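Per-entry structural report
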Amino acid sequence: MRKVRDYDAELRALNDKARSLKAKRVEQLGQLVTATGADAFDAETLAGVLLDATGSKDAGAKEAWRAKGAAFFQRRGRKGGGAAAIDGSGAATEPGGNAAGGSGTTPNG
């Protein structure tokens, strides 16, 4: 006789995992803001900067930002795991690694 699957329990487990991953991402973004020194800005200024960056269509500017970000994570990686503490993995110290979870491209274009 086959074992009956508990779909409700599986769904709860998946929802818990998704909630945990989302909380971890929010925490990592907060750590990134602090590590870059952007926590010195007030919330409105920081939000404005991020909105301008996500709305930018300038591919050259985006590539320059990506290169600066990659250099930042490489520098932090040499100082004793700073990038790994923000990213949660060793991928940040690899050249071309995309530790910020999509910093090379934006969903807006």
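Residues numbered from 1 in each chain as written. Predicted model: local features only at pLDDT ≥ 70, side-chain atom pairs only at ≥ 80, totals over all residues. Heavy atoms only, no water.

**A closer look at the overall build of the chain**
Of regular secondary structure, the chain possesses 4 helices and 0 strands. Seen in sequence order, the chain has helices and strands lined up from the N terminus as α-α-α-α. Looking at the chain alone, contacts between residues at least 24 apart form 46% of all its contacts between residues at least 6 apart. (Helix = DSSP H or I, 4+ residues; strand = E, 2+ residues; numbered from the N terminus. Contact = heavy atoms within 4.5 Å.)

**A word on the pattern of salt bridges**
Scanning the model with the defined rule gives 3 salt bridges in all. With a shortest N-O distance of 3.0 Å, Asp16 and Arg19 are connected by a salt bridge. Here Asp16 and its partner Arg19 are both found in helix H1 (residues 7-36), 3 residues apart, which amounts to about one turn of the helix. Taking the relative accessible area as the measure of exposure, Asp16 reaches 45% and is therefore partly exposed. Since its relative accessible area comes to 55%, Arg19 is described here as exposed. As a salt-bridge pair, Arg66 and Glu63 come within 3.0 Å of each other at their nearest N and O atoms. Remark: Glu63 and Arg66 occur in helix H3 (residues 59-78); sequence separation between them is 3 residues, near one turn of the helix. When its relative accessible area of 27% is taken as the criterion, Arg66 is described as partly exposed. (Salt bridge = Lys/Arg side-chain N within 4 Å of Asp/Glu carboxyl O. Buried < 20%, exposed > 50% of the residue type's maximum accessible area, 1.4 Å probe, protein only.)

**Regarding the side chain of Ser56**
When you line up the elements, Ser56 lands in the loop between helix H2 (43-55) and H3. The buried category is assigned to Ser56, whose relative accessible area is 15%. Polar side-chain contacts of Ser56 include one of 3.2 Å to the backbone nitrogen of Asp58. With sequence-adjacent residues up to four places away left out, Ser56 is seen in contact with Lys62 and Trp65. (Polar contact = N/O pair within 3.5 Å; in protein donor to acceptor, adjacent residues only side chain to side chain.)

**A short note on H1**
The terminal C-alpha atoms of H1 lie 43 Å apart, and with 30 residues this matches the ideal 44 Å at 1.5 Å per residue to within 8%. Note on H1: the residue one or two positions beyond its end, Gly37, has a positive phi of about 85 degrees. (Expected span 1.5 Å × (residues − 1).)

**Description of the environment of Phe72**
In this structure, Phe72 sits in helix H3. You can call Phe72 buried: its relative accessible area is 14%.

**Considerations on the confidence of the model for the chain**
Residues shown with low pLDDT carry predicted positions that ought not to be read at fine detail. On average, residues of the chain score 80 in pLDDT, and 71% of them are at 70 or above. Between residues 89-109, whose pLDDT stays under 50, and residues either more than four places distant or in other chains, the model counts 27 contacts. (pLDDT = per-residue confidence, 0-100.)

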